[in-house]
Amino acid sequence: MGHEGPYLQLRPLGGGREWDADPSRLRPLDAAELLSARVAEANARSRKGLGLGDIRGSPHDDPAEDGAR
């Protein structure tokens, strides 16, 4: 997290493009939000490790690999 003028520059936990945020509109995460964000990040890392990338809740699309199992 950085700052540019009066705004804070935020970036998603998993990386990506940053955006400007008004500091007066920000607040710390509560425990449930933090847990949810960390679980989502761990799940995304797990999907990438399985070769599923950003696919949510569906198997990969390569039918050639289905026969290899």
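Residues numbered from 1 in each chain as written. Predicted model: local features only at pLDDT ≥ 70, side-chain atom pairs only at ≥ 80, totals over all residues. Heavy atoms only, no water.

Let's talk about the pattern of salt bridges
Side chains bearing opposite charge may pair, as long as their charged atoms lie close to each other. Here is the rule: Salt bridge, as used here, is a side-chain nitrogen of Lys or Arg placed within 4 Å of a carboxyl oxygen of Asp or Glu. Buried, partly exposed and exposed residues are distinguished by accessible area as a fraction of the type maximum, computed with a 1.4 Å probe on protein chains only: under 20%, between the cut-offs, and over 50%, respectively.
Scanning all chains against the criterion turns up three salt bridges. With a closest N to O distance of 2.7 Å, E18 and R11 form a salt bridge. According to the relative accessible area criterion, R11 is partly exposed, its value standing at 47%. Residues E41 and R45 are paired through a salt bridge, measuring 3.7 Å at the closest nitrogen-oxygen approach.

Re the environment of S24
To keep things clear, this is the line we draw: The way it works is that DSSP assigns letters per residue, a run of H or I at least four long becomes a helix, a run of E at least two long becomes a strand, and they are numbered from the N terminus. In protein, a polar contact requires one atom able to donate a hydrogen and another able to accept it; more generally it is a pair of N or O atoms within 3.5 Å, and residues adjacent in sequence count only if both atoms are side-chain atoms.
Along the chain, S24 turns up in the loop between β3 (19–21) and α1 (31–49). The class for S24 is exposed, based on a relative accessible area of 62%. For S24 and P6, which are 18 residues apart along the polypeptide, the C-alpha to C-alpha distance reads 10.0 Å. For S24, the side chain forms a polar contact with the side chain of D22, separated by 3.0 Å.

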